[in-house]
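The chain contents come next:
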Amino acid sequence: MGMNREQYQFHLAETMQDLTDRELAVMYEDYIDDATVSLMNGLVTECQRRGISLNDLEDILIND
């Protein structure tokens, strides 16, 4: 049986916490055009937890 919305959000948050800033930036780049609301909410929440912005992720990609 699949995960409900709350379980999915929790799983997504746990997974994102394990990513490096670079990996988070690549995820942002890969999914920004067709990201689901859940994915973008998770990405923004994880950035806030780390104290970085989406612009910071873009800077990581540009400066890499």
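The structure under discussion appears in the preceding block.
Description of the packing of helix H2 (residues 21-31) against helix H4 (residues 54-62)
As a packed pair, H2 and H4 sit with axes 9 Å apart at the nearest point and diverge in direction by 100°. With respect to H4, the element H2 is oriented roughly perpendicular. In this structure, H2 uses Asp 21, Arg 22, Leu 24, Ala 25, Val 26, Tyr 28 and Glu 29 to contact H4, whose residues at the interface are Leu 54, Leu 57, Glu 58, Ile 60 and Leu 61. For the contact of H2 with H4, the per-class residue count stands at eight nonpolar, no polar and four charged.

Focus on the nonpolar core
Counting residues in each nonpolar core, the largest one holds twelve residues, listed as Leu 12, Met 16, Leu 24, Ala 25, Met 27, Tyr 28, Leu 39, Met 40, Leu 43, Cys 47, Ile 52 and Leu 57. Put simply, the parts of the chain that give this core at least two residues each are helix H1 (5-17), H2 and helix H3 (37-50). Setting aside its immediate chain neighbours within four residues, Tyr 28 contacts Met 40, Leu 43, Leu 54, Leu 57 and Glu 58.

A look at the pattern of salt bridges
Per the counting criterion, the structure on display carries three salt bridges. One salt bridge connects Asp 21 with Arg 50, and the closest N-O pair in it is separated by 2.5 Å. Of the two residues, Asp 21 sits in helix H2 while Arg 50 sits in helix H3, which places them 29 residues apart along the sequence. Residue Arg 50 is classed as partly exposed on the basis of its relative accessible area of 22%.

The rules behind the values
- Residues numbered from 1 in each chain as written.
- Predicted model: local features only at pLDDT ≥ 70, side-chain atom pairs only at ≥ 80, totals over all residues.
- Heavy atoms only, no water.
- Axes fitted to C-alpha atoms, helices over the stretch in contact; angles between N-to-C directions.
- Helix = DSSP H or I, 4+ residues; strand = E, 2+ residues; numbered from the N terminus.
- Parallel < 35°, antiparallel > 145°, perpendicular 65-115°, else oblique.
- Contact = heavy atoms within 4.5 Å.
- Nonpolar A, V, L, I, M, F, W, Y, C, P; charged D, E, K, R; others polar.
- Core = buried A, V, L, I, M, F, W, Y, C linked by side-chain atoms within 4.5 Å.
- Buried < 20%, exposed > 50% of the residue type's maximum accessible area, 1.4 Å probe, protein only.
- Salt bridge = Lys/Arg side-chain N within 4 Å of Asp/Glu carboxyl O.

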